[in-house]
Amino acid sequence: MAGSVNRDNLWQRVAIATPYLWLLLFFLIPFIIILKISLADPVIAQPPFTPTFDEQGALSISLDNFRFLLTDDLYAITYLRSVVIAGIATLLCLALGFPMAYGISRAREQTRGLLLLLIVLPFWISFLLRVYAWMGLMNNHGVINNTLLWLGVIDAPIQMMYTDIAVFVGLVYSYLPFMVLPLYATLERMDLDLVEAAQDLGATRTRAFWDVTWPLSRPGVVAGCMLVFIPAMGEYVIPYLLGGPESLLIGRVLFDEFFVNRDWPLASAVAVVLLLLLVVPIVILQRNQARDAEAAT
Amino acid sequence: MRKTSRFTTSVLAFGYAFLYIPLLLVVVYSFNDSRIATVWGGFSTRWYGALWQNDQVLDAALLSFRVAFTAASMATVLGTMAGLALARFRRFRGRTLFSGMITSPLVMPEVITGLSLLLLFVSLQQLTGWPGQRGFSTITIAHTTFAMAYVAIIVQSRLAAMDESLEEAAMDLGGRPLRVVFDITLPLIAPAMIAGWLLAFTLSLDDLVIASFVSGPGSSTLPMYIFSKVKLGVSPDINALATLIIAIVTIGVLIAWLATRRTRSA
Amino acid sequence: MEYKQEQSKAAQEENSSFIRISNVSKHFGDFVAVDDVSLDIGKGELFSILGGSGCGKTTLLRMLAGFEVPSGGSIEIDGLDVTRLPPYERPVNMMFQSYAVFPHMNVEKNIAYGLVKDGLPKNEIRKHVDEMLELVQLGDFRRRKPAQLSGGQRQRVALARALIKKPKVLLLDEPLAALDKKLRERTQFELMNIQYETGITFVVVTHDQEEAMTLSSRIAVMDKGQFRQVGTPKEVYEFPDNRFVAGFIGTINTFHGSIASISEETLSVYSDELQLTLPALGTHPVEVGQEVDIAVRPEKIFLSRDEPDNPDDVRIQGVVDDLGYLGNRSLYRIRLANGKIVQVSSQNRRRSVTRFLEWEDKVWISWRPRSAVVLVD
Ligand SMILES: Nc1ncnc2c1ncn2[C@@H]1O[C@H](COP(=O)(O)OP(=O)(O)OP(=O)(O)O)[C@@H](O)[C@H]1O
Ligand SMILES: [Mg+2]
């Protein structure tokens, strides 16, 4: 009997320890390394940064990279731009995603499954190719311009590619499912009697929406917004393919700093600051999910 | 009274058009004979033939599938263990850190995950000599790490929704915990594991940014190949490749959907 | 009971059609949920709609509230045709089966909601809310959120919220179904009191026959979208119109037979099962020879060891097949010579002969001629 108890204990330990060790090695330690390197200086060597401890074993760290990030306007502006662009894209996603999620949740049971499937389907198709699809649409000689020219609405192509508009379109297009799905989950769960009760007590349909449906869908709104905002902040592909050279976003700056300038310490510092910026939305998201899970039980 | 308003219906229609028209156009233009991708030059399937001849595409696709298959399988094993640990083992040392590490990869920007893992591999190489070359193994490890988080969450929520009394009943009837896991728990969470595996597989196939960081020279995944072409603008063979992917995914998802619908209604 | 019936009768005569439902139907695709129903409800009545699951009760109530538009027919309330009026324009409020208390508003805000929508001044709203809180005894809970209330308290918030607008009609969908038995009984009386104090017409939907019997001035028994009988609790119980109503409300013993003769007061029915001719009351026109059922309630049947001496009574011999003690009364299953089981319920009084009955004891069952009714369909 004692043997079996030990064996069961062993199984539990294995089940915990294996993923635990994996995550420690491949998730936590890498962050410590980023932090470490962000405190080093770049050198032309392999690897291209100074060791944390010099030959004498003394600690050699510097805050130069962070000082540089704060003083150089380019970085401050890029961080700010990223926040603003990700924020606007999030609001656009919400404006389009909320009525969609609402419509799906109120559709008939049989059609609902299909409508949801159609939301999820693009998510399974390559992200990169979906962004690419818009390149063909928004080109100066792309489908949209050709159609408008042909219709006589415009005489010369509108510049859409390599502008912020293209970036917004790309962001909304790519992240819309992340907005619709959590919203749908809350709306679908919502007791429709509540809306009817409000109408019964004298609220019109519109009023009942703002008094009842909207406040009660807050968990879905928060989750959806955070799920769009966070990845949009670090987005690399969309600004690279659709945005202009001057429409810098922080994800792209990080990528270029690392691959083009080979300044590993500065890239690490950029990553650390980005992560600090994202701590707030990530905490909001996790609190929201915990509260939502609690309310659901 | 529980009908949707005209406003909602029109936004819904607009939203779906927004989602699908770009994809549809890619499909249409993949049959375009013209080399200039935006000018219609008649119907042709020549770009599909060209794809077949393109060794770079085939190599990249092969690498992507090998990585995706391995990473999805490893992520399913690790993620299932993690999901079980979170849902069923209430208390153990370091639980908070553990659940934090499970959920964080879900919200981590790809550039940061990619950068941090590359820096890890570089440091490891300095210390131990491994990995001598970055490629299949490093990409697989990176993909396993972020995909296992998704599997863990799916398995955990399935377990949370599941009645624990089933397992307790099995133990009550004399099953030892490990047996119970294999006899009762695993069969019950099998759908979640399959869903997790499929999601992990797709995420891995889809990833560009992390793979760009952790792969070495000479090994490109399919997204990396596509990106290198797409950077230069719209090109007809990429249209053909995209169409193939869209077709495969759509057929796969539809089959899966019809199958689950059948089993649910049966 | 007595006083309520008189009150309801008076109300009916005074204003017999405060709510007038005329030939109302509701179709969902091919499915007919409510089938050509007509009904008049008087002002101040506490009217119950009783029926099994899925018979269309909620659908009918939702048409009264304005959440469903009838496929045919019309609904008038206090002389106003409301058939196509949206819910927020009707002088009607509803208490939902789920209570539908707004989870993001506290008790006070919930109750005030209807008046706020009407744009009443703040101090007036406050006054009415205070009144309501007192009526439903929730004064100490005004700042609580619904999640911090018990089921019974939530039910009272829903009631107060629906009453505060002083509607002409209050609709209640299974108002007590979510409460436990003890609380349900207490709340029944509270509801009756509140109805009496406010004088508002209540239409209650329920599937619980006991609840309908205690609460209501009148009951409509519903089946498959149609009314099978409308009447006072006593009428419905004692003189069921048909087999469905007889079987739905309480338990009842039925014997098959055919009409032997018809007199002014009673009918006589020859029961082939019992090979006896029995007297019974009829409520429907019948002909001699027509096949009918005779129905007798278990509590109208007496048990005795010796043959009862009243020659007018129906008397049949049998043996005790099974018995069950329920505290204040006992239930017996008596097996007749032909094997048929008759259910008998008797009060447990101190000296009652039935106290010492045992399995397989020989007994007589008997009932008064006027205790049996004839069921035609
Ligand atoms: N919106 C709808 N669409 C289709 N069928 C409906 C709809 N609403 C109700 N029904 C059907 O109409 C019938 C009557 O429903 P209703 O809700 O009125 O029953 P009920 O008497 O209130 O039952 P319960 O006691 O279970 O609440 C049911 O068979 C139900 O399936
Ligand atoms: Mg109902």
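Residues numbered from 1 in each chain as written. Chains lettered and ligands numbered in written order. Predicted model: local features only at pLDDT ≥ 70, side-chain atom pairs only at ≥ 80, totals over all residues. Heavy atoms only, no water.

**A short note on the overall build of chain C**
Phase 1 of the analysis: Across its full length, chain C carries nine helices and 20 strands.
Phase 2 of the analysis: Dimensions of chain C, computed from C-alpha atoms along their principal axes, come out at roughly 75 × 45 × 40 Å.
Phase 3 of the analysis: Counting only residues that meet the buried cut, chain C has 50% of its 377 residues in that class.
Phase 4 of the analysis: For chain C, long-range pairs separated by at least 24 residues make up 67% of all intrachain contacts whose partners lie at least 6 apart in sequence.
Phase 5 of the analysis: Accessible surface for chain C amounts to roughly 17,900 Å². Of this, 47% is attributable to carbon and sulfur atoms. (Helix = DSSP H or I, 4+ residues; strand = E, 2+ residues; numbered from the N terminus. Buried < 20%, exposed > 50% of the residue type's maximum accessible area, 1.4 Å probe, protein only. Contact = heavy atoms within 4.5 Å. Areas by Shrake-Rupley, 256 points an atom, 1.4 Å probe, with all protein chains shown as cover.)

**Brief notes about the sheet that holds strand β14 (residues 291-296) of chain C**
Whenever strands of a sheet pair, they do so through backbone hydrogen bonds, lying parallel or antiparallel.
Residue and element names in this part refer to chain C.
Phase 1 of the analysis: Read across the sheet, five strands follow the order β13-β12-β11-β14-β20 without closing on themselves; strand pairing throughout is antiparallel. Strands with a single pairing partner mark the edges of an open sheet, and in this sheet they are β13 (276-280) and β20 (373-375). The mean inter-strand angle of the sheet, taken between neighbouring strand axes irrespective of direction, is 45 degrees.
Phase 2 of the analysis: Where β14 meets β20, three bridges bridge the pair, whose relative direction is antiparallel. Residue pairing in the sheet places A295 in a bridge with V373 of β20. (Pairing = 2+ DSSP bridges. Axes fitted to C-alpha atoms, helices over the stretch in contact; angles between N-to-C directions.)

**Observations regarding the interface of chain A and chain B**
Phase 1 of the analysis: Each partner contributes to the interface: chain A provides 90 residues, whereas chain B provides 87 residues.
Phase 2 of the analysis: The junction of chain A with chain B conceals about 8,200 Å² of combined surface from both sides, 81% of it contributed by carbon and sulfur atoms.
Phase 3 of the analysis: Summed over the three residues of chain A that lose the most area to chain B, namely W11, W124 and Y132 of chain A, the buried surface amounts to 10% of that side.
Phase 4 of the analysis: Run the count over chain A and chain B and you get zero salt bridges.
Phase 5 of the analysis: Where chain A packs against chain B, one counts ten residue pairs in polar contact (both at pLDDT 80 or more).
Phase 6 of the analysis: When residues in the side of chain A that touches chain B are grouped by element, the largest group, 24 residues, is from helix α1 (residues 2-38) of chain A.
Phase 7 of the analysis: A breakdown of the residues in the side of chain A that touches chain B according to their chemical character gives 67 nonpolar, 16 polar and seven charged. (Buried area = accessible area lost by both parts, 1.4 Å probe. Salt bridge = Lys/Arg side-chain N within 4 Å of Asp/Glu carboxyl O. Polar contact = N/O pair within 3.5 Å; in protein donor to acceptor, adjacent residues only side chain to side chain. Nonpolar A, V, L, I, M, F, W, Y, C, P; charged D, E, K, R; others polar.)

**Details of the site of ligand 1**
Residues and elements named next belong to chain C.
Phase 1 of the analysis: Residues in contact with ligand 1, as listed here, are F28, F31, A33, G52, S53, G54, C55, G56, K57, T58, T59 and E174.
Phase 2 of the analysis: Here G54 contributes a backbone N or O atom positioned 2.7 Å from an oxygen atom of ligand 1.
Phase 3 of the analysis: In the model, an oxygen atom of ligand 1 is placed 3.2 Å from a nitrogen or oxygen of the C55 main chain.
Phase 4 of the analysis: Bound to the protein, ligand 1 loses 60% of the 630 Å² it would expose on its own.
Phase 5 of the analysis: Only β2 (31-41) and α2 (57-65) provide two or more residues apiece to the shell around ligand 1. (Near = heavy atom within 4 Å.)

**Some thoughts on the packing of helix α3 (residues 55-88) of chain B against helix α8 (residues 177-206) of chain B**
Residue and element names in this part refer to chain B.
Phase 1 of the analysis: Where α3 contacts α8, the axes come no closer than 8 Å and their chain directions differ by 140 degrees. For the element pair α3 / α8, the angle class is oblique. Note that α3 runs across α8; the crossing there is right-handed. Contacts between α3 and α8 involve S64, F65, V67, A68, F69, A71, A72, S73, A75, T76, T80 and L84 from the former and V181, T185, L186, I189, M193, W197, A200, F201, S204 and L205 from the latter.
Phase 2 of the analysis: Partitioned by chemical class, the residues of the contact of α3 with α8 number 16 nonpolar, six polar and no charged. (Parallel < 35°, antiparallel > 145°, perpendicular 65-115°, else oblique. Left-handed = near helix turned anticlockwise from the far one by under 90°.)

**Quick notes on helix α7 (residues 164-189) of chain A**
Counting along an α-helix, one turn takes 3.6 residues, and residues three or four places apart therefore face a common direction.
Residues and elements named next belong to chain A.
Phase 1 of the analysis: Over its 26 residues, α7 extends 37 Å from the first C-alpha to the last, a length consistent with the 38 Å expected when each residue adds 1.5 Å.
Phase 2 of the analysis: In the structure, α7 departs most strongly from a straight axis at Y175, where the bend amounts to approximately 50 degrees and where the proline P177 lies between one and four residues downstream.
Phase 3 of the analysis: Where burial is concerned, most of α7 is hidden: 19 out of the 26 residues are buried. (Expected span 1.5 Å × (residues − 1). Bend = angle between axes of the 7 residues up to and from the residue.)

**So, the domain arrangement of chain C**
Residues and elements named next belong to chain C.
Phase 1 of the analysis: The domain boundaries assigned to chain C delineate domain 1 (2-245) and domain 2 (253-375).
Phase 2 of the analysis: On a C-alpha basis, the centres of domain 1 and domain 2 stand 38 Å from each other.
Phase 3 of the analysis: In this complex, domain 1 contributes eight residues to the contact, which on the side of domain 2 involves ten residues.
Phase 4 of the analysis: Counting the surface lost from both domain 1 and domain 2, the interface buries some 860 Å², and carbon and sulfur atoms represent 48% of this.
Phase 5 of the analysis: Put simply, domain 1 and domain 2 have two salt bridges between them.
Phase 6 of the analysis: In this structure, the salt-bridge partner of R243 is D293, at a minimum N-O distance of 2.6 Å.
Phase 7 of the analysis: Across the contact surface, domain 1 and domain 2 share five residue pairs in polar contact (both at pLDDT 80 or more).
Phase 8 of the analysis: Sorting elements by how many residues they give to the side of domain 1 that touches domain 2 places helix α8 (residues 233-238) first, with three residues.
Phase 9 of the analysis: Considered class by class, the residues forming the side of domain 1 that touches domain 2 number four nonpolar, one polar and three charged. (Domains from an automatic or database assignment.)

**Description of unusual backbone geometry**
Phase 1 of the analysis: For the bond running from W130 of chain B to P131 of chain B, omega is -5 degrees, close enough to zero to count as cis.
Phase 2 of the analysis: Mapped onto the elements of the fold, P131 of chain B is located in the loop between α5 (110-128) and α6 (136-161).
Phase 3 of the analysis: A positive phi angle, close to 45 degrees, is found at E174 of chain C, a residue other than glycine.
Phase 4 of the analysis: With respect to the element layout, E174 of chain C can be found in the loop between β7 (169-173) and α6 (181-198).
Phase 5 of the analysis: Residue classification places E174 of chain C among the buried residues on the basis of a relative accessible area of 7%.
Phase 6 of the analysis: Positive phi values are uncommon outside glycine, yet K224 of chain C reaches one of about 45 degrees.
Phase 7 of the analysis: Among the structural elements, K224 of chain C can be located in the loop between β9 (218-223) and β10 (226-231).

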